[in-house]
Amino acid sequence: MSGHNKWSSIKHKKGAADAKRGKVFSKLIKEITIAARSGGGDPDGNPRLRTVLDKARAANMPNDNVTRAIKRGTGELEGVRFEEVTFEGYGPGGVAVLVNCTTDNRNRTVAELRNVFSKKGGNLGEAGCVAWMFNKQGVFTFDQSVGEEKLMEASLEAGADDIRSEEGFFTVVTDPGAFESVKKSFDSSHLKYLEADISMVPQNTINLTGGDAEKMLKLMDELEDHDDVQNVYANFDIDSKTMEKLA
């Protein structure tokens, strides 16, 4: 389980996402618009849109906001035209970082992200410098209170690749193509996940302690707080007790 997933789950449990609900909504609107533009406005025929709409429901996003975002994506309503771009760099301790953005001004975004990396002890790198360290996979994160046996049964029957247990959490990893079927299995089994998404999962992790751990979490926090940033992936690991103190 990557440090990023563990950190996100801890923040979720603490309710940190609720404190930034307005910012969460603006990011979801961008993601819905992009998904609808690339695959159409019907979630039944657009798995990417379906996944984003699940996130919107989990965040209690108003239906009117969702409908307008879909219509902007399909061209039924006018709006800003966004593009997707991924930036790569390094954090404290040599941690590899991928930053997925949705922006209407690439030059502005790259300048602002370079500044964030620099202030937090990292640096923005060239395209391709760290992407090879990550694999695209479906990832579900659960609190261990769900019960390992029930989770394992639902996961394996639906075709999940792996179940990992680490410091209070279960992580279920799938091939991206099996993400939807595994999700349906969890939903029908009433297994409540903390997070469910197609993610970039690191092949290896770097263990951080002390000052580097604190700097890395501050970098993650500032990157995720940026208006243009949709997702941040990094190959760090920090033990849960330390992370809970710092998150």
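Everything below is about the structure printed above this text.
This write-up is about the structure you can find in this document. Here the structure is a predicted model, which means the values were calculated and not measured. (Residues numbered from 1 in each chain as written. Predicted model: local features only at pLDDT ≥ 70, side-chain atom pairs only at ≥ 80, totals over all residues. Heavy atoms only, no water.)

1. Structural notes on the packing of aromatic side chains
Turning to step 1, where the next piece is worked out: Summed over all chains, the structure comprises five aromatic pairs.
Turning to step 2, where the next piece is worked out: Judged by centre distance (4.9 Å) and plane angle (15°), the ring pair of Phe140 and Phe179 falls under stacked. A residue pair is termed long-range when its members are at least 10 positions apart, and Phe140 in strand β4 (residues 134–143) and Phe179 in helix α8 (residues 179–188) qualify at 39 residues.
Turning to step 3, where the next piece is worked out: A relative accessible area of 0% places Phe140 in the buried class.
Turning to step 4, where the next piece is worked out: An aromatic cluster of at least three residues, connected via ring pairs, comprises Phe140, Phe142, Phe179, Phe186 and Tyr193. (Phe/Tyr/Trp six-rings, centres within 6.5 Å; stacked < 30°, edge-to-face > 60°. Helix = DSSP H or I, 4+ residues; strand = E, 2+ residues; numbered from the N terminus. Buried < 20%, exposed > 50% of the residue type's maximum accessible area, 1.4 Å probe, protein only.)

2. Some thoughts on the sheet that holds strand β5 (residues 162–166)
Turning to step 1, where the next piece is worked out: One open sheet accounts for four strands, arranged β5-β6-β4-β7; its pairing is antiparallel. Strands at the two margins of the open sheet, each flanked by one partner only, are β5 and β7 (195–202). Mean inter-strand twist for the sheet, computed between neighbouring axes without regard to direction, equals 35°.
Turning to step 2, where the next piece is worked out: Where β4 lies against strand β6 (residues 169–174), six bridges are found, and the strand directions are antiparallel. Bridge pairing links Thr141 to Thr171 in β6. (Pairing = 2+ DSSP bridges. Axes fitted to C-alpha atoms, helices over the stretch in contact; angles between N-to-C directions.)

3. Brief notes about the state of the cysteines
Turning to step 1, where the next piece is worked out: Tallied over the full model, the rule gives zero disulfides.
Turning to step 2, where the next piece is worked out: No disulfide involves Cys129; its sulfur sits 14 Å from that of Cys101, the nearest cysteine. (Disulfide = S-S within 2.5 Å.)

4. Describing the sheet that holds strand β2 (residues 96–103)
Turning to step 1, where the next piece is worked out: Pairing is antiparallel in the open sheet, where four strands are placed in the order β3-β1-β2-β9. Every other strand in the sheet has two partners, leaving β3 (123–124) and β9 (229–234) as the edge strands with one partner each.
Turning to step 2, where the next piece is worked out: Across two bridges, the pairing between strand β1 (residues 83–90) and β3 is antiparallel. Each residue of the ladder has a partner; that of Gly89, found in β3, is Leu124.
Turning to step 3, where the next piece is worked out: In this fold helix α9 (residues 210–225) packs onto β2 and β9, with an angle of close to 160° to the strand it touches most, β9. (Contact = heavy atoms within 4.5 Å.)

5. Re the pairing of β9
Turning to step 1, where the next piece is worked out: Of all six residues that make up β9, five are buried, and the element is covered over most of its length.
Turning to step 2, where the next piece is worked out: As paired strands, β2 and β9 are joined by five bridges and run antiparallel to one another. The residue bridging Val99 from the neighbouring strand is Val232, located in β9.

6. Remarks on the environment of Asn135
Turning to step 1, where the next piece is worked out: Within the fold, Asn135 resides in strand β4.
Turning to step 2, where the next piece is worked out: With 66 residues separating them along the chain, Asn135 and Val201 place their C-alpha atoms 5.2 Å apart.
Turning to step 3, where the next piece is worked out: The contact partners of Asn135, leaving out residues within four places of it in the chain, are Ser199, Met200, Val201 and Gln203.
Turning to step 4, where the next piece is worked out: Of the polar contacts made by the side chain of Asn135, one reaches the side chain of Gln203; its length is 3.5 Å. (Polar contact = N/O pair within 3.5 Å; in protein donor to acceptor, adjacent residues only side chain to side chain.)

7. Some remarks on the packing of helix α7 (residues 148–158) against α8
Turning to step 1, where the next piece is worked out: In contact at an axis separation of 8 Å, α7 and α8 are set at 145° when each is read in the N-to-C sense. Handedness of the crossing formed by α7 with α8: right-handed. Where α7 abuts α8, its residues Leu151, Ala154, Ser155 and Ala158 lie against Ser181, Val182, Ser185 and Phe186.
Turning to step 2, where the next piece is worked out: Class assignment for the residues of the contact of α7 with α8 results in five nonpolar, three polar and no charged. (Left-handed = near helix turned anticlockwise from the far one by under 90°. Nonpolar A, V, L, I, M, F, W, Y, C, P; charged D, E, K, R; others polar.)

8. Some details on the nonpolar core
Turning to step 1, where the next piece is worked out: Core analysis: the biggest nonpolar cluster contains 24 residues, and Phe87, Val97, Val99, Met216, Leu223 and Phe236 have the highest contact counts within it.
Turning to step 2, where the next piece is worked out: Those elements giving two or more residues to this core turn out to be β1, β2, α6 (106–119), α9 and β9.
Turning to step 3, where the next piece is worked out: Ranked by residue count, the leading element in this core is α9, at six residues.
Turning to step 4, where the next piece is worked out: Setting aside anything within four residues of it in sequence, one finds Val99 in contact with Val85, Thr86, Phe87, Leu113, Phe117, Leu223, Val229, Asn231 and Val232.
Turning to step 5, where the next piece is worked out: Counting residues in hydrophobic clusters, the runner-up holds 15 residues, among them Phe179, Val182, Phe186 and Tyr193. (Core = buried A, V, L, I, M, F, W, Y, C linked by side-chain atoms within 4.5 Å.)

9. Quick word on the pattern of salt bridges
Turning to step 1, where the next piece is worked out: A complete count under the given rule lists 16 salt bridges for this structure.
Turning to step 2, where the next piece is worked out: Between Arg108 and Glu112 there is a salt bridge, with the nearest N and O atoms lying 3.8 Å from each other. Here Arg108 and its partner Glu112 are both found in helix α6, four residues apart, which amounts to about one turn of the helix.
Turning to step 3, where the next piece is worked out: For Glu112, a relative accessible area of 32% corresponds to the partly exposed category. (Salt bridge = Lys/Arg side-chain N within 4 Å of Asp/Glu carboxyl O.)

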